[in-house]
Structures are given as C-alpha cells and as structure tokens.
Protein chains: 2
Amino acid sequence: MGKRKLESTNMINERHLDECDLSYALRKLGGRWKILILGKLENKTLRFKELKERVGNITERMLILQLKELEADGLVTRTAHPVVPPRVDYELTQLAIDSIPIWRLLEVWGAQHRNETGNSLPYPKEVGSCD
Amino acid sequence: MGKRKLESTNMINERHLDECDLSYALRKLGGRWKILILGKLENKTLRFKELKERVGNITERMLILQLKELEADGLVTRTAHPVVPPRVDYELTQLAIDSIPIWRLLEVWGAQHRNETGNSLPYPKEVGSCD
DNA sequence: CAGTATCCATTAAGATACTG
DNA sequence: CAGTATCTTAATGGATACTG
C-alpha cells in the first residue's frame, strides 16, 4: 500500500543487514509491541479483544499491524471462527515458542544491565512479569 | 537538543514498556546498527575509522550516534588518545561481553526461522559470519 | 467483535558539507 | 582522524471515526 523505494539506501541497507541472521532475528522480534504481544500469548490462546486488554495502551491499529506481521512471519496463527459476532483466536507457533528461552535470557540480561548502570526500577520485579 | 514531548502517548508508552526488562534490553540492542557494531568489537579494540570500514555502508553520523548511545548505555568504552591526528579506541564492556552468548542463540534462531519460513539465504553461511 | 481508513505526530536514517 | 552541523526522506506510532 505504501510507497516503496526499493532502491533507496535505506532499503539497500535493510536488505543487506537482513542477510545477517542476527539482525534478521532482531527485526522479527523488534518494534515496540511484538515481544509484549508474544509474551501475552505464552501458553494461552487469546482473542483480539483479550489481547488488547492485556497489552494495555496499544491502539487497535497498532495491535492489528503487529499481529499481521507476526502472522506473516510465522510467529502466530490466526483462527477466525465464522460466528456473529466475530471471534478470532491468536496463538503462538512452535517457532515462536522456541524463541521463548532466548527472551528469558535477554530479560535477565536487561535486569542485570539496569543494576549495573544505575537504571534500576524503583521497585523489585519478578522475572517474567511484565504487566 | 531536539524537542521532547514528555507527555505524548508515544513517550508514555515508551517509558511504560521500558519497565519491562525485556523491552528495555531490546531497546538497548535494537536499531539497525548496534548489534553489528558490537559484533565488530568482539575480542577487538577498534578505532573509529576501522569500525566504519568494517561496518560498511554506515554514515559517520549514524556510527557516531550509535556509539554515543552504546557508550551512554555502558556497552562500549571510548578512549581518546591526545595525539595529532586524533586516535579514539572503542571496546566492549563486560556487560556487552556478557550479552554475546545471547546474540549467538538469537542468531541460530534466526537461521532456523529462515529455513522454516522459506526465507532462506541463496547461499549457505556460517554461524557468526556477518560480513 | 474485529477490524479499516484517514490523517497527523514523532523518530530513525541518510546525504553532504564542514571543523578542531 | 574523528567527529559536527544542517537538511531531507523514510519509517513508525498514534488519534479518531467508521464498517462488516
């Protein structure tokens, strides 16, 4: 839908960096909301509205945009039930489930980073909690 | 320097998400260039120009912006030698070194993702290679 | 309920020229 | 060499109203 400048330096750099598996992986999980959405779906199937409530502060537009990308990237599955009112369920794919242990490590590293750089939270928090 | 709309929803969301150690960690390592820069500095001290040559295609402006952020975030150290012409060395901190095993896991996951989603590279590549 | 469509604001990234 | 400064473009994120 949007204009694509396939030959802009921006796009060239993006493609170049995506050849690196690591940059590629970071792009799939990056963005402001994706990891949070995936976290909400851990061990659970949720419908659109439930997801929106749990993520909190996300607009419907951003939620659907992120879900579409995650779906296209094979990280969530979308199941639409042909009922009225509509019901659509989202859940993690195995590929996404495989990435969970890595998030946990990153989370622990993030907490360590906070402590060592003095960016500590004003209150303690358990691993995995991310309201 | 730039205008800051501290109370925009954008900023509020950003702060909110940063309370999550995982989103926080992803923000520290995210962006187009950071992981690549950190990778170049693994086991090596490099000066500005060497870094620019190795990262390839990055502008001086972007490189210095990323380096400043990495320095402020305690991930690289900057050592300026008082000589003419100037010489500035960059190297990883222990905190950054601690994160390397996690990148490797993400990298492996990225490669797996490619295979399973049909986004495979047109040629094989070794782990850790990211020209 | 589960989205779309439209428009606007903010941030990230790049090109280029210049300086201590 | 190691940056700054300034300007432009591209991408992301948000508000709001509307629809099947």
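Only a predicted model underlies this, so the values are computations on that prediction, with no experimental measurement involved.

Moving on, we come to the interface of chain A and chain B. With 44 residues of chain A at the contact, the number on the chain B side is 45 residues. Surface buried jointly by chain A and chain B totals about 4,700 Å² across both partners, of which 64% is contributed by carbon and sulfur atoms. Across the chain A-chain B interface, the total number found is six salt bridges. For B:R32, the salt bridge goes to A:E14, with nearest N and O atoms at 3.5 Å. For the interface between chain A and chain B, the tally reads 22 residue pairs in polar contact (both at pLDDT 80 or more). Elements with a minimum of two residues in the side of chain A that touches chain B: α1 (9-18), α2 (21-29), α3 (34-40) and α6 (94-117) of chain A. No other element matches α6(A), which puts 16 residues into the side of chain A that touches chain B. Per-class residue counts for the side of chain A that touches chain B are 21 nonpolar, ten polar and 13 charged.

On to the sheet that holds strand β1 (residues 46-47) of chain B, then. All names here are of chain B. Strands sit in the order β1-β3-β2 across an open sheet of three strands; the sheet is antiparallel. Of all strands in the sheet, those bounded by a partner on one side alone are β1 and β2 (76-81). Judged from the two bridges that link them, β1 and strand β3 (residues 87-92) form a sheet pairing that is antiparallel. Along β3, the bridge assignment pairs L46 with Y90. In the packing of helix α5 (residues 60-72) onto the sheet, the strands contacted are β2 and β3, and the crossing angle to β2 comes to about 110°.

Residue and element names in this part refer to chain A. Packing of α1 against α2 leaves a shortest axis separation of 6 Å and a crossing angle of 110°. Taken together, the axis directions place α1 and α2 in an arrangement best described as roughly perpendicular. Along the contact surface, α1 presents E14, L17 and D18, while α2 presents S23, Y24 and R27. In terms of residue class, the contact of α1 with α2 is made up of two nonpolar, one polar and three charged.

Attention now goes to helix α6 (residues 94-117) of chain B. Under the 1.5 Å per step criterion, the end-to-end length of α6(B) is 35 Å for 24 residues, consistent within 8% with the ideal 34 Å. Remark: the principal bend of α6(B), roughly 30°, maps to B:I100, with a proline, B:P101, within the next four residues. When we look at burial in α6(B), the residues that qualify are B:L95, B:A96, B:S99, B:I100, B:I102, B:W103, B:L106, B:E107, B:W109, B:G110, B:H113 and B:R114. Check the buried side of α6(B) and you find it contacts α1, α2 and α6 of chain A together with α2 (21-29), α3 (34-40) and β3 of chain B. Once α6(B) ends, the next one or two residues include B:G118, with phi positive near 75°.

Scoring rules and cut-offs
- Residues numbered from 1 in each chain as written.
- Chains lettered and ligands numbered in written order.
- Predicted model: local features only at pLDDT ≥ 70, side-chain atom pairs only at ≥ 80, totals over all residues.
- Heavy atoms only, no water.
- Contact = heavy atoms within 4.5 Å.
- Buried area = accessible area lost by both parts, 1.4 Å probe.
- Salt bridge = Lys/Arg side-chain N within 4 Å of Asp/Glu carboxyl O.
- Polar contact = N/O pair within 3.5 Å; in protein donor to acceptor, adjacent residues only side chain to side chain.
- Helix = DSSP H or I, 4+ residues; strand = E, 2+ residues; numbered from the N terminus.
- Nonpolar A, V, L, I, M, F, W, Y, C, P; charged D, E, K, R; others polar.
- Pairing = 2+ DSSP bridges.
- Axes fitted to C-alpha atoms, helices over the stretch in contact; angles between N-to-C directions.
- Parallel < 35°, antiparallel > 145°, perpendicular 65-115°, else oblique.
- Expected span 1.5 Å × (residues − 1).
- Bend = angle between axes of the 7 residues up to and from the residue.
- Buried < 20%, exposed > 50% of the residue type's maximum accessible area, 1.4 Å probe, protein only.

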